[in-house]
Amino acid sequence: MIKIVITEKKVDSKDLNSSKIPHHVAIIMDGNGRWAELNGNDRIFGHRKGVEAVRSVVEGAGEIGIHYLTLYAFSTENWNRPREEVNALMGLLVHAILAETENLNKNNVSLRAIGDLKSMPAEVQENLAAAIAKTANNSGLRLVLALSYSGRWELVEAVKNMADELKNDKIDKSSINEELIGKYLPTFGLPDPELLIRTGGEFRVSNFLLWQIAYTELFFSQKLWPDYRKEDLFEAVNDFQKRERRFGKTSEQIRI
Ligand code: FPP
C-alpha cells in the first residue's frame, strides 16, 4: 500500500518579500466557540484560549513590519449573545488588557480602539483608556481593537454627523464625495486594510469595516481562532504577496 503524506510547509517570516508587507491587516477572529466544543469545554474557555492566538499574531505582525493590525474582538451583534457569555467576554477583555499592557510596551506596540466604546462597561472603558495612554508613545505596530463595532454602525454615525453639518451649513451637498464621507467616519485616520483574514472556515465579512474593505484582499483560513498563530498570519501575507491588485484596471495597466 502506498501512503501519501502531505507535509504542509510552514511559511517563515524570512520567506516574505519585505517590500510588499501589507500596511494594515484586519482579522475576524472566528471559531472560539467551536474550538471549545471540540475540546469538550464551554465557549468561554475557547475565548480564553483565543487570547493566546492574539498574543502570537500581534508578535508576528510586529516582526514583519505590519503597521496596523485591527482585530474584531466584539461586534455590535455580539451584544445579542447570552448574557453569561457577554459578561465573560467583558471580563476577559479587562483581564487581557491588564495582563498584556507590559508585553505591548516591550514589543513597542501602541493600542487603540474603534467602535461604540461608550456602550462598553465602565471597567472596560477605564482599563482600555489606561492601556491606550500607557502605550501611546510606542512607535511600532498599532494594535486596533474593534469593540462594540460594526461597519453599518459607523456608517450610521457618519450620516448623522454629516446631517448635522448640512443643517448648520457647515458643508454643502455639492462637496459630498468619498473623501468627505471618509472624514465623517468614526474610524477616520485608520487606513483601509490591504488584507482581511477570517478564521474559522466561514466565508463572510460579518459587518466588519464595510466602507474600508472595498478593495481589500480577502483570505479565509479553516483554522479555528485559538489554533491560529503567527505562522498562519505569515501564510496569509505570503498569499497576499502573490496577488495582482488591479483596482478595476487591467493587468497591462498595472504592469506598466
Ligand atoms: C468569535 O468566535 C470570537 C469572538 C466573538 C470574540 C473574540 C475574543 C477574543 C479572541 C478574546 C479577547 C480578545 C482580545 C483582543 C484580548 P465565536 O465565539 O463566534 O466562535 P464560533 O463561531 O465557533 O461560535
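None of the values given here were measured: they were computed from a predicted structure. (Residues numbered from 1 in each chain as written. Predicted model: local features only at pLDDT ≥ 70, side-chain atom pairs only at ≥ 80, totals over all residues. Heavy atoms only, no water.)

Draft legend 1. Broad picture of the nonpolar core. Of all hydrophobic cores here, the largest spans 43 residues; its most connected members are Ile27, Ile66, Leu69, Leu143 and Ile197. Ranked by residue count, the leading element in this core is helix H3 (residues 83-106), at 7 residues. Grouped together as the second largest cluster of nonpolar side chains are 14 residues, Ala26, Tyr72, Leu190 and Ile213 included. (Core = buried A, V, L, I, M, F, W, Y, C linked by side-chain atoms within 4.5 Å. Buried < 20%, exposed > 50% of the residue type's maximum accessible area, 1.4 Å probe, protein only. Helix = DSSP H or I, 4+ residues; strand = E, 2+ residues; numbered from the N terminus.)

Draft legend 2. Here's a closer look at the packing of H3 against helix H4 (residues 122-135). Interaxial distance between H3 and H4 falls to 9 Å at its minimum, and their mutual angle equals 10°. The pairing of H3 with H4 is recorded here as roughly parallel in orientation. For the pair H3 and H4, contact is made by Met90, Val94, Ile97, Leu98, Thr101, Leu104 and Asn105 and by Glu123, Val124, Asn127, Leu128, Ala131, Lys134 and Thr135, respectively. Residue classes in the contact of H3 with H4 are distributed as 8 nonpolar, 4 polar and 2 charged. (Axes fitted to C-alpha atoms, helices over the stretch in contact; angles between N-to-C directions. Parallel < 35°, antiparallel > 145°, perpendicular 65-115°, else oblique. Contact = heavy atoms within 4.5 Å. Nonpolar A, V, L, I, M, F, W, Y, C, P; charged D, E, K, R; others polar.)

Draft legend 3. The arrangement of the sheet that holds strand E2 (residues 68-75) in detail. Ordered in space as E3-E4-E2-E1-E5-E6, the 6 strands form an open sheet in which the pairing is parallel. The sheet is open, and its two edges are formed by strand E3 (110-114) and strand E6 (217-220), each paired on a single side. When strand polarity is set aside, the average angle formed by the axes of neighbouring strands in this sheet is 20°. Relative to E6, strand E5 (residues 195-198) runs parallel, the two being bridged by 4 bridges. Residue pairing in the sheet places Arg198 in a bridge with Phe220 of E6. Packed onto the sheet, H3 meets E2, E3 and strand E4 (142-149) and runs at close to 155° relative to E2. Taken strand by strand, H4 contacts E3 and E4, and its axis lies near 140° from that of E3. (Pairing = 2+ DSSP bridges.)

Draft legend 4. Here's a closer look at the site of the ligand. Around the ligand there are 16 residues in total, and Asp30, Gly33, Arg34, Arg43 and Arg81 lie nearest to it. Backbone polar atom of Gly31 to an oxygen atom of the ligand: 3.3 Å apart, as the coordinates give it. Measuring from an oxygen atom of the ligand, one finds a backbone N or O atom of Gly33 at 3.0 Å. Within the complex, the protein chains bury 91% of what would otherwise be the 630 Å² of accessible surface of the ligand. (Near = heavy atom within 4 Å. Polar contact = N/O pair within 3.5 Å; in protein donor to acceptor, adjacent residues only side chain to side chain. Areas by Shrake-Rupley, 256 points an atom, 1.4 Å probe, with all protein chains shown as cover.)

Draft legend 5. Quick peek at the packing of aromatic side chains. Taken as a whole and assessed by the stated rule, the structure comprises 9 aromatic pairs. Both rings, one in Tyr72 and one in Tyr149, keep their centres 6.1 Å apart while their planes meet at 75°; by these two values the pair is edge-to-face. One end of the pair, Tyr72, is in strand E2; the other, Tyr149, is in strand E4, with 77 residues separating them in the sequence. Centre to centre, the rings of Phe74 and Trp79 are 4.8 Å apart; their planes meet at 75°, and the pair counts as edge-to-face. (Phe/Tyr/Trp six-rings, centres within 6.5 Å; stacked < 30°, edge-to-face > 60°.)

Draft legend 6. Structural detail: the environment of Gln212. Relative to the helices and strands, Gln212 resides in the loop between E5 and E6. For Gln212 and Gly182, which are 30 residues apart along the polypeptide, the C-alpha to C-alpha distance reads 8.9 Å. Leaving out residues up to four positions away in the same chain, Gln212 has contacts with Tyr149, Glu154, Leu185, Thr187, Asp192 and Pro193. A polar side-chain atom of Gln212 sits 2.7 Å from a polar atom in the side chain of Glu154.

Draft legend 7. Fine view of the pairing of E4. The buried count for E4 comes to 7 of 8 residues, which makes it a mostly enclosed element. Pairing of E2 with E4, which is carried by 7 bridges, proceeds in the parallel orientation. By the bridge assignment for E4, Leu69 is matched with Leu143. Relative to E4, E3 runs parallel, the two being bridged by 5 bridges. By the bridge assignment for E4, Ser110 is matched with Arg142. With respect to chirality, the unit in which E3 leads through H4 into the neighbouring parallel E4 is left-handed. (Right-handed = clockwise from strand over helix to strand, strands pointing away.)

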